[in-house]
Amino acid sequence: MSQLSTRHLLGIKDISEGDIHAIFEQADNFKTVINRPIKRVPSLRDITVANLFFENSTRTRVSFELAEKRLSADIVNFSASSSSVSKGETLIDTVNNILSMKVDMVVMRHPAPGACIFLAKHIQAQIINAGDGTHEHPTQGLLDAYSIRERLGTVEGKKVVIVGDIMHSRVALSNIFCLQKLGAEVMVCGPATLIPKHIESLGVQVETNLMKALHWCDVANMLRIQLERQDIRYFPSLREYSLMYGINRRILDSLDKEIVIMHPGPINRGVEITTDVADSPQSIILNQVENGVAIRMAVLYLLAA
Ligand code: CP
C-alpha cells in the first residue's frame, strides 16, 4: 500500500490534489533533512530501486539517484546505450530481467509516450515516470509547482504562462495538470505551430504574443525548443524564434511588475532565455533543481510506505 491514492506515479493526471499536498508536506520535511550536515535517513533501507534511463538526462537522473541515496535505498542504474537493448531485447524482457534480481521500484525515462503506463500493466514493481516522450514528466510538474509555492507562498490563484515548444513538451502537460489541480490559472504561449490544436480543452488560455502573456502572468516557465523531437521545421530559424519568444532583461524591465522566471532545463542560453535573466534574482531555476531532490524523496517515500 502506498500513502498516495495510486500505486505508481505515471502522470499528474492520475493523482489527486490531496496527493500533491501530501507530497509537498513530505518534501518540506525532507528539505530540512537535506540541509542538515547528515543528509541521510533510513526510510528506504532494504528497498531496491532501479533507475532505467532509455533517454539522456542530467537533472532527473542525478536528482533521483541522490534522493534514493538520501533515503538509504539500494540502487541499480541502467542506461540503454550500454545495455542489451541494442541487441534487440524488448522493454518488458529488459525490465523483467532486472526485476528478477529483486527490485522493488522502477524509475524510468523512455522516449515513447505511454511507456511507463505500458510497463505498469505488465510488471509487479512500482513505477515512477521520469519522463516518457512527449507525454508527462510528473516529478518535474511537482517540483515546478512546489518551487512556485516556495517563492510566492501559494500556487492557488497565481497566473502561470508556459512559453515555447508546448507541442513536444512533457513538462508542459505535467505543469498544466499540477498547477490547475492546485488552483492556478495557466496560459500557454508560443508560435501557433508549436501549440497543439484543442489544447484549450484542458482549460488553458492560449496566447501567441509574448508581451501580452508576460503582462498577464505572475510566473513565466520558459521551455526549451526540442529540436530532437521535431521532424519538420515549425518556425523559420532559432534566431527568429528567439526574437519573438526569447526573454531578456530589456523585456523584463519593461513590465510594470517583477515576475518569477522558471526553466526546467536544459537551458539554451540566448535562445529562450538570456544569461542575464537566467542568472538573475528573479530566476528560480536552481531552486527548482534543488527542490527536485526533496520532491523525489517524498514521492519515493510515500509510494514505498
Ligand atoms: N528537466 C529535465 O528533465 O532535465 P533532464 O533531461 O536533464 O533530466
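Conventions we followed
- Residues numbered from 1 in each chain as written.
- Predicted model: local features only at pLDDT ≥ 70, side-chain atom pairs only at ≥ 80, totals over all residues.
- Heavy atoms only, no water.
- Helix = DSSP H or I, 4+ residues; strand = E, 2+ residues; numbered from the N terminus.
- Rg over C-alpha atoms; globule rule 2.2 N^0.38 Å.
- Buried < 20%, exposed > 50% of the residue type's maximum accessible area, 1.4 Å probe, protein only.
- Contact = heavy atoms within 4.5 Å.
- Areas by Shrake-Rupley, 256 points an atom, 1.4 Å probe, with all protein chains shown as cover.
- Pairing = 2+ DSSP bridges.
- Axes fitted to C-alpha atoms, helices over the stretch in contact; angles between N-to-C directions.
- Domains from an automatic or database assignment.
- Buried area = accessible area lost by both parts, 1.4 Å probe.
- Salt bridge = Lys/Arg side-chain N within 4 Å of Asp/Glu carboxyl O.
- Polar contact = N/O pair within 3.5 Å; in protein donor to acceptor, adjacent residues only side chain to side chain.
- Nonpolar A, V, L, I, M, F, W, Y, C, P; charged D, E, K, R; others polar.
- Near = heavy atom within 4 Å.
- Core = buried A, V, L, I, M, F, W, Y, C linked by side-chain atoms within 4.5 Å.

Enquirer: Could you give an account of the overall build of the protein, naming the residues involved and the relevant values?
Expert: For the protein, the count of helices and strands is 11 helices and nine strands. In terms of overall size, the protein behaves like a compact globule, its C-alpha atoms giving a radius of gyration of 19 Å where 305 residues would be expected to give roughly 19 Å. Counting across all 305 residues of the protein, residues that qualify as buried make up 55%. For the protein, contacts bridging at least 24 residues in sequence account for 75% of all contacts bridging at least 6. Here the protein displays about 13,400 Å² of accessible surface, and carbon together with sulfur accounts for 51% of that area.

Enquirer: Hey, could you go over the sheet that holds strand E9 (residues 260-262) for me, with residue numbers and the actual values?
Expert: Strand order in the open sheet formed by five strands is E7-E6-E5-E8-E9, and the pairing between neighbours is parallel. The sheet is open, and its two borders are formed by strand E7 (205-207) and E9, each paired with just one other strand. Within this sheet the neighbouring strands show an average axis-to-axis angle of 25°, counted without direction. Strand direction decides the pairing type here: strand E8 (residues 219-222) and E9, joined by three bridges, are parallel. When the sheet's bridge partners are listed, Val219 is paired in E9 with Val260.

Enquirer: Which residues make up the domain arrangement of the protein, and what values do they have?
Expert: According to the domain assignment, the protein consists of domain 1 (12-137 + 291-304) and domain 2 (138-288). Each of domain 1 and domain 2 has a C-alpha centre, and the two are 25 Å apart. On the domain 2 side, the residues contacting the 32 residues of domain 1 number 28 residues. Overall, the association of domain 1 and domain 2 removes approximately 2,500 Å² of surface from exposure, summing both partners, and the carbon and sulfur fraction of that is 60%. The partner of Glu150 in a salt bridge is Lys31, and the shortest N-O contact between them spans 2.5 Å. There are 19 residue pairs in polar contact (both at pLDDT 80 or more) connecting domain 1 and domain 2. Listing elements by their share of the side of domain 1 that touches domain 2, those giving two or more residues are helix H1 (17-34), helix H2 (59-70), strand E3 (105-110), strand E4 (126-132) and helix H11 (285-304). Considering every element that reaches the side of domain 1 that touches domain 2, the biggest residue donor is H1, with eight residues. Broken down by class, the residue content of the side of domain 1 that touches domain 2 amounts to 11 nonpolar, 10 polar and 11 charged.

Enquirer: So what's going on with the site of the ligand? Which residues, and what values?
Expert: Surrounding the ligand, one finds Ser57, Thr58, Arg59, Thr60, Arg109, His137, Gln140, Pro264 and Gly265. Thr58 places a main-chain nitrogen or oxygen 2.8 Å from an oxygen atom of the ligand. In this structure, an oxygen atom belonging to the ligand sits 2.6 Å away from a side-chain N or O atom of Thr60. Taken by itself the ligand offers 260 Å² of open surface, and the protein chains cover 91% of this. Taken together, the residues that form the shell around the ligand break down as one nonpolar, six polar and two charged. Lining the shell around the ligand are residues from two domains, each supplying at least three of them: domain 1 (12-137 + 291-304) and domain 2 (138-288).

Enquirer: Any details on the nonpolar core? Residues and values, ideally.
Expert: Counting residues in each nonpolar core, the largest one holds 59 residues, and the members touching the most others are Ile23, Phe24, Ile128, Leu142, Ile295 and Leu300. No other element matches H11, which puts nine residues into this core. Two domains each donate at least three residues to this core, and these are domain 1 (12-137 + 291-304) and domain 2 (138-288). If sequence neighbours within four positions are ignored, Ile128 has contacts with Leu9, Phe64, Met105, Val106, Val107, Met108, Thr139, Val299, Leu300 and Leu303.

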